[in-house]
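Listed below are the residues making up each chain.
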Amino acid sequence: MPLSDHEQRMLEQMERALYAEDPKFATALEGSELRTFTRKRVYQGIAGFLVGIALLMGGMVAQLIWLSVVGFVIMLGCAVIAVTGWRKGPAPVEGAGNGGGGRGHRPHKPKRSMMTRMEERWQRRRDERGD
């Protein structure tokens, strides 16, 4: 759903104010540096994971248990780094790049906690019964 003219003007005004107030932060929000950092972190995690596999296998072949354990710990740590780097990647901005964000990305709804959902259900049931 496209923004109305008023909403578009408000958004542009907010962007200008952000650039005027803190240009360094505003450019970081654009995502190019953040995407590069995130991609680099994922690649480093994958490379470390492969090194960990090599150490694990080398320790098994050489029958050095400590080397296998070190390889496993490196694998585990690098897997965590790669996965967290992947998850923290910036979401595509609608209207930027692809001429409108055309890959079918939907805006994310904010996640609600389990307690919030349960309270809403409880309230709905109470409203339906007329209590």
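Please read all numbers here as calculations on a predicted model, not as lab measurements.

(A) How the structure looks around the overall build of the protein. For the protein, the count of helices and strands is 5 helices and 0 strands. Starting at the N terminus, the α and β elements of the protein follow one another as α-α-α-α-α. Put simply, the protein has 131 residues, and 13% of those count as buried. Of all intrachain contacts in the protein linking residues separated by at least 6 positions in sequence, the fraction that spans at least 24 positions is 40%.

(B) Representation of the UniProt feature "transmembrane region" (unreviewed entry) in the protein in the model. In this numbering, the UniProt entry assigns the feature "transmembrane region" (unreviewed entry) to residues 42-59 and 65-86. The span residues 42-59 shows a helical share of 100% and a strand share of 0%, and its end C-alpha atoms are spaced 26 Å apart.

(C) Summary view of helix H5 (residues 114-129). With 16 residues, H5 ought to run about 22 Å at 1.5 Å a step, and its terminal C-alpha atoms sit 23 Å apart, in line with that. Once H5 finishes, Gly 130 follows within two positions and takes phi at roughly 85 degrees, a positive value.

(D) Here's a closer look at the confidence of the model for the protein. For the protein, the mean per-residue pLDDT works out to 75, and 69% of the residues sit at or above 70. Taken element by element, the protein is modelled with least confidence in helix H2 (residues 23-30), mean pLDDT 68, and with most confidence in helix H4 (residues 65-87), mean pLDDT 87. Confidence over residues 89-104 falls short of pLDDT 50; this stretch has 11 contacts with residues more than four positions distant or in other chains.

(E) Region of the structure containing the side chain of Ser 68. With respect to the helices and strands, the residue Ser 68 is situated in helix H4. The contact partners of Ser 68, leaving out residues within four places of it in the chain, are Leu 55, Leu 56, Gly 59 and Met 60.

(F) Main features of a nonpolar patch on the surface. Taken together, the side chains of Ile 65, Val 69, Phe 72, Val 73, Leu 76 and Val 80 define a hydrophobic patch exposed on the protein surface, amounting to about 590 Å² of accessible area. The class for Val 80 is partly exposed, based on a relative accessible area of 48%.

Cut-off values and rules
- Residues numbered from 1 in each chain as written.
- Predicted model: local features only at pLDDT ≥ 70, side-chain atom pairs only at ≥ 80, totals over all residues.
- Heavy atoms only, no water.
- Helix = DSSP H or I, 4+ residues; strand = E, 2+ residues; numbered from the N terminus.
- Buried < 20%, exposed > 50% of the residue type's maximum accessible area, 1.4 Å probe, protein only.
- Contact = heavy atoms within 4.5 Å.
- UniProt positions renumbered as here; feature names shortened; annotations may be inferred.
- Expected span 1.5 Å × (residues − 1).
- pLDDT = per-residue confidence, 0-100.
- Patch = residues over 30% accessible without salt bridge, like charges linked within 9 Å, V, L, I, M, F, W, Y side chains within 5 Å.
- Areas by Shrake-Rupley, 256 points an atom, 1.4 Å probe, with all protein chains shown as cover.
- Salt bridge = Lys/Arg side-chain N within 4 Å of Asp/Glu carboxyl O.

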